Every structure is written in structure tokens, then in C-alpha cells.
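Descriptive analysis of the structure
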Amino acid sequence: MPSSASWSIVVHGGSGRMMRGTTAPEIDTVYRAGLRTALVKGGAVLASGGDAVSAVEAAVRVLEDDPHFNAGRGAVFTAEGHIELDAAIMAGETGAAGAVAGVTRTKNPVSLARAVMENTPHVLLARDGADAFSIVQGLEQADPGWFRVEARWQALQAMRAAAARGESLFDKTLKYGTVGAVARDTAGHLAAATSTGGLTGKRWGRIGDSPLIGAGTWADDRSVAISATGSGEDFIRIAAAHEISARVRLLGEIPQTAADQVLTELRAINGDGGVIFAGHDGCSGWSFNTPSMLRGRLVAGGDVTVAIYDDE
Ligand code: ASP
């Protein structure tokens, strides 16, 4: 077993099609800076002896507040021009989990997910009810305009124009931007959290994998903590996060192998995306099948590393 004094945190800011050479340098820079800030914040929680749940919440809150990521402020728009946010959090020590789907006014949906986990007997609350619960919990509220970022609005307009030309409104090859974090604390406990605006142009109350425990978010101290990003429907179909955990726990695979295998299965059903993991054995990392995944890691005693492209 690894040293129980070690801790680690991994974050992601979505997988997609950013290409080296075609991505504007300033875009590259702001994404790396956001990931770095999230790691420093989450790492500070762990370095001071804080628990993994608090660390992943802190890291995800940073990325929700950063308008460049598709979570919290900066989330994508639905087909009707609204913002509907999904988030989940899970504690590997106890199996406790909380999630929200389609919330519209909570500044930091990951904290609402944590409130569901800690202050209700439920796991998943949705839409109006979840919005109302957020107020009861005294969580910070924001007007719809606070979440709005012009580039996301323009992305919806482009999609509407494409739809007017007869192209599909739902395009799963679009750029993603979901955020997530996984951590292992000094006590060896694991946690995972994911937060997203979902997909541009989603409609009919569509919910992806992010808030579904076992699909886009999972943590089990016996195996791994996982946060996923990508074409959510495909992650749901193969219960991706739980599947990785099950391979580690039941087949004895190391987390990297299990994650790679499940990403291969995802590819087989034309799914796109990636996962980050923190293992019970102290290892951590990621696996993805897209040209890029915004990602980074900080391990006790180490330096922050961030990466975007598949060749780094
Ligand atoms: N997986 C998310 C969803 O389907 C999207 C993403 O990762 O960007 O809602």
C-alpha cells in the first residue's frame, strides 16, 4: 500500500477537439491558468489535512466560477436559450452521494450537490425542486444573466443557424467543457465531483452523465474515484465510471488499465470523451479518446502539472 501520508488531486475541464496550432495562444493560456488555480485550491485543502470531498468541491467551485469552462458561470445554452446546470459529488469512504440536474440559479451547483448528499436522504434532485432546496439551504443564488457568456450565446446562435439549414441540432462532436475533480486525502479516502452545463442546444430536459452516479461520477475507497467528460449518453449506456471501478475491484486491474479499457468500450459505441481517476493505491491520472482533454494533477510534494493536447 502507498504511504497514507500522501495525497493527490486531478482536475479536468472537459475533453474535445482543441488542436495544437489551431488553438489561439490566449485560449490555451486561460485554460491552463484555470486548471492550475483549481489544483492549487484543492491541493491546499488536502495539504492542510482536509478531506477529499472538501478538496474536490473546492477545486470544482474554482472552475464553476471561471467563465471559460462549461459549468456554473460560462455554461452552455439550451435550445430555448436557458442555462440548466448539472452536478454531482461522491465520497468513497461511505458511498454517500449527492447530485442535482437542471438547476438554474445556484452559483455553485457542486455545493448544492454536496448539500443533497449531506442534508437529505436523497441522491438526485432536479429542476424546480432542486432550485427551491438550494434557497432553503442558504446557498448563494445568481441571476440567469450572471451565468451568461457571449461566446456560449453565439455558439447557440450558430447551432440554430445550422438547424435552419436542416442540420442536426444535437451534435455530440461539439466541444465540451465540463469540469471535474477527483482526490485522495491523507487518510486514503477518495472523492469525485463533476459539474456541467451539458451540451449546447440540449432540449426537453435532457440530462447527461455528469450528475448520474456511476455514469459520469463515482468514488469507492476500494477502487477509484472517477469524473468523466464527453458524450454523456454514451457514458450512461456503459455506466462508465462504475465500470472502471468494478474492473479495479473485481478484476484487480490497475486504474489506468481499467480506464483505458472502458474508454475503448466507449469508442466501440462511437462515444467521445475522457475520465480522470484517483486510485485506492495512490495512483492518479486520466484516459481520453479525443484530440484534447483539459487536465491537470497535483500530488503531495510535487508541482502542479497541466496539459491540454494528447501529445503532452
Ligand atoms: N458529459 C457532459 C454531458 O453529456 C458533457 C461534457 O462532458 O462536456 O452533459
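What this report covers is the structure whose coordinates are included nearby. Since we're looking at a predicted model, the values are computed, not measured.

Conventions we followed
- Residues numbered from 1 in each chain as written.
- Predicted model: local features only at pLDDT ≥ 70, side-chain atom pairs only at ≥ 80, totals over all residues.
- Heavy atoms only, no water.
- Near = heavy atom within 4 Å.
- Polar contact = N/O pair within 3.5 Å; in protein donor to acceptor, adjacent residues only side chain to side chain.
- Areas by Shrake-Rupley, 256 points an atom, 1.4 Å probe, with all protein chains shown as cover.
- 1 Å grid on protein atoms, 1.4 Å probe; cavity = no way out; pocket = protein on both sides within 12 Å on 5 of 7 lines; lining within 4 Å.
- Sits in = over half its atoms within 2 Å of the grid points.
- Nonpolar A, V, L, I, M, F, W, Y, C, P; charged D, E, K, R; others polar.
- Pairing = 2+ DSSP bridges.
- Helix = DSSP H or I, 4+ residues; strand = E, 2+ residues; numbered from the N terminus.
- Axes fitted to C-alpha atoms, helices over the stretch in contact; angles between N-to-C directions.
- Contact = heavy atoms within 4.5 Å.
- Points joined across faces, edges and corners; volume = space filled by probe spheres on them.

Further remarks concern the site of the ligand. Lining the immediate surroundings of the ligand are twelve residues, of which Thr178, Arg206, Asp209, Thr229 and Gly230 lie closest. Within the contact set of the ligand, an oxygen atom lies 2.5 Å away from a side-chain nitrogen or oxygen of Thr178. One of the side-chain nitrogen or oxygen atoms of Asp209 is found 2.6 Å away from a nitrogen atom of the ligand. Protein coverage of the free-state accessible area of the ligand, which is 270 Å², stands at 100%. Mapping the ligand onto the cavity grids shows that it belongs to the largest cavity. Among the residues making up the shell around the ligand, the classes are represented as two nonpolar, eight polar and two charged.

Before going further, it helps to spend a moment on the sheet that holds strand β8 (residues 224-230). One open sheet holds the four strands; their spatial order is β7-β8-β9-β10, and the pairing between them is antiparallel. Both outer strands of the open sheet, β7 (217-219) and β10 (284-288), are each paired with one neighbouring strand and no more. Pairs of neighbouring strands in the sheet enclose a mean axial angle of 15°, with direction left out of account. Here strand β9 (residues 273-279) pairs with β10 via five bridges, running antiparallel. Of the residues in β10, the one forming a bridge with Phe277 is Gly285. Contacts from helix α8 (residues 240-251) reach β7, β8 and β9, with the element oriented near 145° to β8. Along the sheet, helix α9 (residues 255-268) makes contact with β8, β9 and β10, crossing β9 at roughly 160°.

Gaps between atoms show up when a probe of the same size as a water molecule is rolled over them. According to the stated counting rule, one finds one cavity of 30 Å³ or more in the structure shown. Contributing to the lining of the largest cavity are twelve residues, with Thr178, Thr196, Leu199, Asp209 and Gly230 lying nearest its centre. When grouped by side-chain class, the residues that make up the lining of the largest cavity number two nonpolar, eight polar and two charged.

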